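Now for the letters of each chain:
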Amino acid sequence: MIETHLPAIISLNFLAFSVLIPLFGIWKRELCQPLASLGAGISAVFSVYGFIYYLNEIPLRYLFGGWEPPVGIEFVYDGLSAFVIVVINVIAFIVLIHSRQLAVNEFPNKQMAYYSVAMLLMLGFNGMVLTGDLFNLFVFLEIASLSMYALIAIGDRAAPFSAFRYLIIGTAGGTLYLLGVGFLYTVTGTLNIIDMAPMLPEFAGNTAVITAVILMIVGIGTKAALFPMHGWLPDSYTYAASSSSALIAPIGTKVAAYVLIRVMLYLFGIELLDLVVPISYTVGVLACIGILYGSIMAIAQNELKRMLAYSSISQIGYIIMGISLANPFGFIGALLHILNHAVMKACLFMVAANLRHKEGHSDISLFEHSYRRKYPWTMFSFSVAAISMVGLPPLAGFFSKWYLVLGTVEADNWLFLAVILISSLLNAVYFFRVLEKVYMKNPDDEVPVQDHVGENNEVQPSMLYPTMVFAVGLILIGIFNVAIVAMIMNMIPSGF
Amino acid sequence: MELTYVPLFAVLVSLVAVVPILLSSHRPNLREFWTILAAVIKFGLVLMLLPSAVRGETVVLDIIEIAPNVPLQLAADPFGVFFAVIASGLWIFTSFYSIGYMRGAGEKKQTRYFASFAVCLSSTIGIAFSGNLLTFVIFYEILTLATYPLVIHKENKEAIAGGREYLAYTLTAGLMLVAAAAMTYYLTGTMDFRPGGVYGGLDISAPMMLAVFMLFLGGVGVKAGIMPIHSWLPTAMVAPTPVSALLHAVAVVKSGVFGIIRVVGYVFGSDAMADYSLNDILMVIAGITIICASLLAFRQDNLKRRLAYSTVGHLSYIVLGAALITPLGMTGGIMHIAAHATMKITLFFCAGAIYVNLHKENISDLNGIAKVMPWTMGAFVIGSMGLAGIPPLNGFVSKWYLAIGSLEGGMLVPVLILVISGLLNVGYFFPIIWRAYFKKGGPELEKYGEASPFMVVPIMVTAILSIVFGLFPDLFFHFFELASAISNAIFNGGT
């Protein structure tokens, strides 16, 4: 039965392709990108199939080789992990299709390494999401992180430096997480999440457990770019090759946010978490600061990719705030925003890539109104994603905001509510600034407007269609959000 | 006849029309044909709903579940149909007028203009037919977004600054509305609009009620132009005049006051309003706005800006009607939605005709223009006298009911405000008329004639409508009957 092996197929498929790509790549370099897309495509299809198949089933505990934990490796395929797997694999699939021309342009000689490492990155992400074991999670985290360092290093001249910086910060984060896991192991004697969860209440108030929680949250928070551990992110996203930032930005921090959900809401549970120290509230406040900080910094940026990077810091704050609210609406908002933000950011980074591809830069101050003629559909996609980021209905972004707002109201948390509303306005400031540049002639130009401002110079279909798919997806997710929300409701952890 | 889907079609028809409008961007005549066609069909569809609305029935259509247990719901109730008739009816005239204006003024990017206009009308009708708060919020935000390209149409520095101010106000308002809707959902467990409100009989602390009310007031109040959050409206006058005429005198700003009446009558309800003294807040704001806006109107030399301040003042008549929470006051407020619409659109049409024809936009330059543009200025006289509340024009009827309504509630101050405001209205309109008719114009006027018939005919029609509806408020559209039915539903909690 293929269904019972889905977790292994989905994740190990990436491992197989990471080996296949160099083999074929030596023979024909052009084969790397199609192979990578194929690999991601296979996993994407299986994850969608698995998600639908297990929608109303009990969670699947998959034991590699039939070995029981603690000896064997266990994957847990429940609604939550299946959902996140669908999001990351489908997005990776579309982003990899889009990357074809970018790879030829930006790093023609490194394609083989690039796509092979990209597959390893996806293996790491999939493993992080699926694993049922805290130590294996660390292993997959490191696989993903090491691949990410490599991918980021392929890029501008400043890219290796920002990758190195990320390496230092990321390794520190990973180590802190491992330290936390060590503490938990000494207390409980197990590393398996499902085994550990019922034991923890016995050790409520144990100093080692509290230390472990804090260490783990700081460690994962670093990967998720939770304020103030976000320092690595802006440079990495800005200087990485366009295809890398389009791949990493939408899904990298989301996977970390998913791990936070696992650890905070499933492993510990909200009661235990806040027993001694109000951890969830503290995390929420940090998320709020991150939301405002990211939005304000985004306003100050002139480089589109850098602006989007800061905006990511802000948006990840929404997700973590939703988690910290620890009520059903907050949870729905957080998970819906994982999906929405992944789609929005993928779309926006693709637009940045398209512009870099055609114009050779993505400097907002040089944007002009000829773009709306030259790249009508790219700019349409940008507008849709931007308006969705601002959170205007009926686009997807509005609804995640709506559930988050309901969550804050339900928690009587007026501070968080105010932060969401203010940050929406700040989002409007930095996105409308770009839209103004693209859709309106510069009022300082004294030259009379020409009706004919430029020829249609749209990017090739292999880049345009993936961008458009996301833009249209945002409209559809918005209108049909209830279907998704109904699924998310099944995942709400017990104890809310 | 089956009416279930008519509200949906009424919303969609202008949205669908955007496609042929965009596709025929190089054939202006065809493009404008689509606009007119959409306008006529839309009005026809809205009229189909009129008989059932007059009977007090509501046509409800759930389109899709948009949040758990909250449908995207169109409900053509009497109040929604009332507003939709006005907005869609005046769109027809505005479309003809736009053709004359945009071509006469040689404006660029007319395709974008007509397309945005169509989207605006779709969302306005959507607002009118919103059956619950979330649907209202969605259409309200779409309206904000669709109006933006019209405000910045000229793409000069002034327009861009105006556009930014417009967005700053309206987006903030939209967010406050989102928060208010969320809190209402949390407190009452429903988002439906119900005649008589959903807050009645709930035990909610006064500060909480005040917070929700203030959020609502911020949310819908910005578009309703209440002070001190009105200043985007005069700034938005940088838009082409048809936009000022239909959107910033009828569709957008009336969506705001429509929202206020929805909030007062269908969310809070008169009992909750009175119990928590929320109507006092509303009344003070409305009173101050009426007087201050009229005073500020005196200082404006730019004709459109003076009209904009006049709009701010008159919108608060309607707000005042809602704040009185008496049946007759509410009737008066609702009637004023219709009355102000026909009169103010006439005045803006006149201002636009003067601008396109004579290239004058300041009142001090209008000497003697009545000789050149007799029809336009004749309509202007009718419109301004109506706004001052002189019988038999239709401004009088609504004012009369507002006054009786305040007496019904045992209040004299609102009556005083209405009287003073009427005098101030005369005060700021009379100089314009006096200059146009009795001052001698410069010799350069001789080479000009009346504006293009595309503009003059709509002007005359709306002016005549002002008189007709003043004399027979129940003619054709049963405005008075509808207004009384709505007010009855709000206060007696049924249809």
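Not measured: the values here are computed from a predicted model.

Rules of the game
- Residues numbered from 1 in each chain as written.
- Chains lettered and ligands numbered in written order.
- Predicted model: local features only at pLDDT ≥ 70, side-chain atom pairs only at ≥ 80, totals over all residues.
- Helix = DSSP H or I, 4+ residues; strand = E, 2+ residues; numbered from the N terminus.
- Rg over C-alpha atoms; globule rule 2.2 N^0.38 Å.
- Contact = placed C-beta atoms within 7 Å.
- Expected span 1.5 Å × (residues − 1).
- Bend = angle between axes of the 7 residues up to and from the residue.
- Buried ≥ 20, exposed ≤ 12 C-beta atoms within 10 Å, placed from the backbone.
- Axes fitted to C-alpha atoms, helices over the stretch in contact; angles between N-to-C directions.
- Parallel < 35°, antiparallel > 145°, perpendicular 65-115°, else oblique.
- Nonpolar A, V, L, I, M, F, W, Y, C, P; charged D, E, K, R; others polar.
- pLDDT = per-residue confidence, 0-100.
- Pairing = 2+ DSSP bridges.
- Core = buried A, V, L, I, M, F, W, Y, C linked by C-beta atoms within 7 Å.

Here we look at the overall build of chain B
Then, in step 1: Looking only at helices and strands, chain B has 18 helices and two strands in total.
Then, in step 2: For 495 residues, the compact-globule estimate of 2.2 N^0.38 gives 23 Å, and chain B sits close to it at 21 Å.
Then, in step 3: Taken along the three principal axes of its C-alpha coordinates, chain B extends 70 × 55 × 45 Å.
Then, in step 4: Within chain B, contacts between residues separated by at least 24 positions form 80% of all contacts whose residues are at least 6 apart in sequence.

Structural notes on unusual backbone geometry
Then, in step 1: With an omega of 0°, the peptide bond running from A:Pro393 to A:Pro394 counts as cis.
Then, in step 2: As for its position among the elements, A:Pro394 is in the loop between helix 17 (376-390) and helix 18 (396-410).
Then, in step 3: Of note, the bond from B:Met227 into B:Pro228 is cis; its omega dihedral lies within 30 degrees of zero at 5°.
Then, in step 4: Position of B:Pro228 among the secondary structure elements: in the loop between helix 7 (206-224) and helix 8 (232-235).

Some words on helix 11 (residues 242-268) of chain A
Residue and element names in this part refer to chain A.
Then, in step 1: For helix 11, which comprises 27 residues, the first-to-last C-alpha distance of 38 Å matches the rise-based estimate of 39 Å (1.5 Å per residue) to within 8%.
Then, in step 2: The axis of helix 11 is deflected most strongly, by about 35°, at isoleucine 248, and proline proline 250 appears within four residues downstream.
Then, in step 3: For helix 11, a buried count of 26 out of 27 residues is recorded, marking the element as mostly surrounded by other parts of the structure.
Then, in step 4: Of the residues trailing helix 11, glycine 269 is marked for its positive phi of about 85°.

Looking at the packing of helix 6 (residues 134-153) of chain A against helix 7 (residues 159-188) of chain A
Residues and elements named next belong to chain A.
Then, in step 1: Between helix 6 and helix 7, the least distance of the axes is 9 Å, while the angle of their chain directions is 175°. Taken together, the axes of helix 6 and helix 7 lie roughly antiparallel to each other. Packed against helix 6, whose contacting residues are Leu134, Phe135, Phe138, Leu141, Glu142, Ser145, Tyr149, Ile152 and Ala153, the element helix 7 presents Ala159, Pro160, Ser162, Ala163, Tyr166, Leu167, Gly170, Gly174, Tyr177, Leu178, Val181 and Leu184 at the interface.
Then, in step 2: Here the contact of helix 6 with helix 7 is composed, by residue class, of 16 nonpolar, four polar and one charged.

As for the confidence of the model for chain B
Then, in step 1: For chain B, mean pLDDT is 87; residues scoring 70 or higher make up 99% of the total.
Then, in step 2: Scored as a complex, the prediction yields pTM 0.92 and ipTM 0.89.

Details of the environment of A:Lys110
Then, in step 1: With respect to the helices and strands, the residue A:Lys110 is situated in the loop between helix 4 (100-106) and helix 5 (111-130).
Then, in step 2: Taking the C-alpha atoms as reference, A:Lys110 lies 43 Å from A:Val419; in sequence the two are 309 residues apart.

Details of the pairing of strand 2 (residues 70-76) of chain B
Residue and element names in this part refer to chain B.
Then, in step 1: Across the seven residues of strand 2, seven count as buried, placing the element largely inside the fold.
Then, in step 2: Judged by which residues are buried, strand 2 turns out to be covered on both faces: Val70, Leu72, Leu74 and Ala76 on one side and Pro71, Gln73 and Ala75 on the other are all buried.
Then, in step 3: Here strand 1 (residues 59-67) runs beside strand 2; their pairing, made up of seven bridges, is antiparallel. The residue bridging leucine 61 from the neighbouring strand is leucine 74, located in strand 2.
Then, in step 4: Here strand 1 hands over to strand 2 after two residues, with asparagine 69 in that stretch at a positive phi of 65°.

Some points on the packing of helix 11 (residues 303-323) of chain B against helix 12 (residues 327-358) of chain B
Residues and elements named next belong to chain B.
Then, in step 1: Where helix 11 meets helix 12, the axes come as close as 8 Å, and the angle between the chain directions of the two elements is 170°. By the angle class used here, helix 11 and helix 12 are roughly antiparallel. Of the residues in helix 12, those in contact with Leu303, Lys304, Leu307, Thr311, His314, Tyr317, Ile318, Leu320, Gly321 and Ala322 of helix 11 are Gly329, Met330, Gly332, Gly333, Ile334, His336, Ile337, His340, Lys344, Leu347, Phe348 and Ala351.
Then, in step 2: Of the residues contributing to the contact of helix 11 with helix 12, the split by class is 12 nonpolar, eight polar and two charged.

Side note on the interface of chain A and chain B
Then, in step 1: Across the contact, 23 residues belong to chain A and 26 residues belong to chain B.
Then, in step 2: Residue assignment for the side of chain A that touches chain B shows that the elements contributing at least two residues are helix 18, helix 19 (414-439) and helix 21 (481-489) of chain A.
Then, in step 3: For the side of chain A that touches chain B, the element with the highest residue contribution is helix 19 of chain A, accounting for seven residues.
Then, in step 4: A per-class count over the side of chain A that touches chain B returns 19 nonpolar, one polar and three charged.

Notes on the nonpolar core
Then, in step 1: Counting residues in hydrophobic clusters, the biggest one holds 394 residues, and the most contacted among them are A:Leu260, A:Ile320, B:Ala87, B:Ala179 and B:Val319.
Then, in step 2: Not counting chain neighbours up to four residues away, the residues in contact with B:Val319 comprise B:Ala224, B:Ile226, B:Val257, B:Ile260, B:Leu282 and B:Ala286.

Considerations on the environment of A:Pro328
All names here are of chain A.
Then, in step 1: Relative to the elements of secondary structure, proline 328 occurs in helix 15 (residues 328-359).
Then, in step 2: Judged by local crowding, proline 328 falls into the partly exposed class, with 18 C-beta atoms found within 10 Å.
Then, in step 3: Taking the C-alpha atoms as reference points, proline 328 and leucine 404, separated by 76 residues in sequence, lie 9.7 Å from one another.
Then, in step 4: Among all residues touching proline 328, those that are not within four sequence positions of it are Ile492 and Phe496.

Side note on helix 20 (residues 461-479) of chain A
Then, in step 1: With 19 residues, helix 20 of chain A extends 26 Å between its outermost C-alpha atoms, agreeing within 8% with the 27 Å of an ideal straight helix rising 1.5 Å per residue.
Then, in step 2: Where the residues of helix 20 of chain A are buried, they touch helix 3 (79-98), helix 4, helix 15, helix 17, helix 18 and helix 21 of chain A.

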